[in-house]
Amino acid sequence: MDFGDDQLALLASWIDEAAQAETGFAAHQSLNQRIPIAEQRGALDEENSEAAARKATAWAFAYHVQVVETGSKWRTQIIPYLEFPDGSSMPPRITDVSDSGVTVWSRLTERVSSNFGKARLHHLLFERKHGNVRDHAIQAAQSYSRASKEWTEWHDKEEALNTALRLARAVGQKELASQIMTEMLDLANQAISSEEEVPGVALRLLRPLTAESSPPRVLDSTVDAAIQAYDSPFIRDELIVLKMRRATTPKERETLHAQRVQIWLDAADGETGLRRAGHLKTALQRAQESGQAALIERSAAALQKIREEDLGLVSFTASGAISRGQFEEMMAPVVNAADWREALMQFAFAYGPAVGTIEGTRKAAEEHARISIVENLATTELFGSDGLPRFSPQTETEKVEMRLARQEAFALQSTAPLLAHLLHKVAEAHGVPSEADLTEFFSQGPLTSHELASSISRCFIRFWTGDPEGATFTIAPRIETLARNLVLSLDAGVYRLQRQEKPGQYPGLASLLSTLRERGLDESWYRNILTICGNPAGGWNLRNELAHGFVPNSGPPGAAILFQCVMYLWTLGPKQEDGDAESAAPESSGQPPAS
């Protein structure tokens, strides 16, 4: 295709005219006014040289140039400003531009005089590997460097220098790269000392410089100046990370880790409420990353001092009412039972697991997620009673688990008091059984020895005789006892193998329940016990809270839901099939085991 000299000279003049603008954005706007975006669509018209030249020129300055870090290495990218789902783009990717378009770029380099024009055109020819590739890279780098002094916007300046450095490095121009790095450091110092608040400019210049093997000697002092200049803990934290990249000894890294933690502790001192808690949580995370016990202890202690009233959170309460007739109907299965034995079984099974069925929970959780816009947008952080972060969902699976646990915890608000009334009704309607009778009853379970049955019996008597707190604290450990006995009855090797792998440590309740779940434990009852006793994704975590001393006073509702868990597990045992003593799944008939 024959491109006329006059036509190319006109296009070059438009480029140089655009370069007179004070900012890169204004320069590109100037070219778009000369060659409207509508002309940039479609392929080059090989039969119309004038239209093809205009389009190729517009394409050259429509690409977006960016410097990115990939796998600890910095490089430039030239990408189209629009990419479509079908894989096409506007302008086309550099490799897809026809030879005619590349010819226009090459011939324009001979006619443009502005650094803005030369930098972009030589850069494109370097990326396309057209002609003398090394020379294109050098000329582009030099032109970008000169252009950085002509722009008035901080962003244009640092972007030009970052691109220049990458091009110089790409062709091994060490002297040119050294010159550009000095210019980058000078610009960073200007940004740091400027009355304008432009920390982003300083960071974008310092990040690639700290990754260089031989940066300017004064780089460290510039980073230190930035740390002193900026108050934001987020910026100062990132600057410390840049210094860590250049640390050469364990002692240096240890000191920098301590400084990084202190940044967040200091920031927390000037804040209140959730912002203070957030800064202290970050301090703990940084301390954990350091692996230094002293830093972890100091950060954890600071976070644990925060109480709910310090966070400025608001609690909401609600109540509901049912008629006496409805209440009596709900109590009927226990009140109308033949004796206390049947009444206990009705207490355990007549209303299903306290958290509800897994099907109902999933449906309610999905509906809540669908209508709750805030929950879908916000990041959730659960804190334990010790004041430390307990759970923050990162994956979709973890988010689903948290939604389920929250819904189950909500269900417990109404079912726990109901179960407490039911358990009281057992004694009111049928009298308090003797310890001996209770022990005989619980001894019928396939998982209970006489001693365990006696212990469980005393827990029930404590509840019925006005000591729900004592009942709560003594019945809670029996849940794990029964779960462990069930695991052993199904496959002794599971429990024993874990003990062999971690001598001195017992498999936790969550591990035991997981094993039982794999062996066929009902999903709804599995979630009931997990959420009540110790689900880190939410729930009441009553067993864990009791064990660690965070429950100062426990009433009947908490005791009742623990008793229901014990009753359920007590009825379970291995299935007996074809005379086989061991089986793959526990079962429960909802009735007391036969004696």
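Refer to the preceding data block for the structure.
Reading the values: the criteria
Residues numbered from 1 in each chain as written. Predicted model: local features only at pLDDT ≥ 70, side-chain atom pairs only at ≥ 80, totals over all residues. Heavy atoms only, no water. Helix = DSSP H or I, 4+ residues; strand = E, 2+ residues; numbered from the N terminus. Buried < 20%, exposed > 50% of the residue type's maximum accessible area, 1.4 Å probe, protein only. Contact = heavy atoms within 4.5 Å. Areas by Shrake-Rupley, 256 points an atom, 1.4 Å probe, with all protein chains shown as cover. Patch = residues over 30% accessible without salt bridge, like charges linked within 9 Å, V, L, I, M, F, W, Y side chains within 5 Å. Salt bridge = Lys/Arg side-chain N within 4 Å of Asp/Glu carboxyl O. Pairing = 2+ DSSP bridges. Disulfide = S-S within 2.5 Å. Lys, Arg positive; Asp, Glu negative; His and termini not counted. Charge placed at Lys NZ, Arg CZ, Asp CG, Glu CD. Polar contact = N/O pair within 3.5 Å; in protein donor to acceptor, adjacent residues only side chain to side chain.

Caption draft 1: Seen up close, the overall build of the chain. A count of helices and strands for the chain gives 28 helices and 8 strands. Each of the 595 residues in the chain was classed as buried or not, and the buried ones make up 48%. Within the chain, contacts between residues at least 6 apart in sequence are counted, and of these 64% link residues at least 24 apart. Here the chain displays about 29600 Å² of accessible surface, and carbon together with sulfur accounts for 49% of that area.

Caption draft 2: Focus on a nonpolar patch on the surface. A surface patch of nonpolar side chains, about 320 Å² in accessible area, is lined by Ile37, Tyr81, Leu82 and Phe84. Following the sequence through the fold, Ile37 ends up in the loop between helix H2 (24–34) and helix H3 (49–60). The class of Ile37 is partly exposed, set by a relative accessible area of 38%.

Caption draft 3: Molecular detail of the pairing of strand E1 (residues 64–70). With 7 bridges connecting them, E1 and strand E2 (residues 73–79) associate as antiparallel partners. When the bridges of E2 are listed, Val67 appears paired with Thr76. Connecting the antiparallel pair E1 and E2 is a turn made up of 2 residues, with Gly71 showing a positive phi of about 60°.

Caption draft 4: Examining the state of the cysteines more closely. If you walk through the whole model with that rule in mind, you get 0 disulfides. No disulfide involves Cys565; its nearest neighbouring cysteine sulfur is the one of Cys533, lying 5.0 Å away.

Caption draft 5: The arrangement of a negative patch on the surface in detail. Together, Glu22, Glu153, Glu195 and Glu196 make up a region of like negative charge exposed at the surface. Position of Glu22 relative to the elements: it lies in the loop between helix H1 (5–18) and H2.

Caption draft 6: How the structure looks around the environment of Phe234. With respect to the secondary-structure elements, Phe234 resides in helix H11 (residues 233–246). Taking the relative accessible area as the measure of exposure, Phe234 reaches 55% and is therefore exposed. Along the backbone, Phe234 and His279 are 45 residues apart, and their C-alpha atoms lie at a distance of 9.8 Å. Apart from the residues within four sequence positions on either side, Phe234 is in contact with Trp264 and His279.

Caption draft 7: Local environment of the pattern of salt bridges. Counting across every chain of the model gives 28 salt bridges. With a shortest N-O distance of 2.6 Å, Arg204 and Glu158 are connected by a salt bridge. Within this pair, whereas Arg204 is found in helix H9 (residues 199–210), its partner Glu158 is found in helix H7 (residues 154–170), the two being separated by 46 residues in sequence. Judged by relative accessible area, Glu158 falls into the buried class, the value being 3%. One salt bridge in this structure joins Asp220 and Arg246, with 3.0 Å as the shortest N-O distance. Placement of the pair is Asp220 in helix H10 (residues 219–229) and Arg246 in helix H11, with a sequence separation of 26 residues. A relative accessible area of 30% means that Asp220 is categorised as partly exposed. Judged by its relative accessible area of 26%, Arg246 is partly exposed. The network of salt bridges with shared partners includes Asp5, Arg107, Glu110 and Arg111.

Caption draft 8: Just the side chain of Ser145, in detail. With respect to the element layout, Ser145 can be found in helix H6 (residues 133–148). Given a relative accessible area of 3%, Ser145 falls into the buried group. Separated by 2.7 Å, the side chains of Ser145 and Glu183 make a polar contact.

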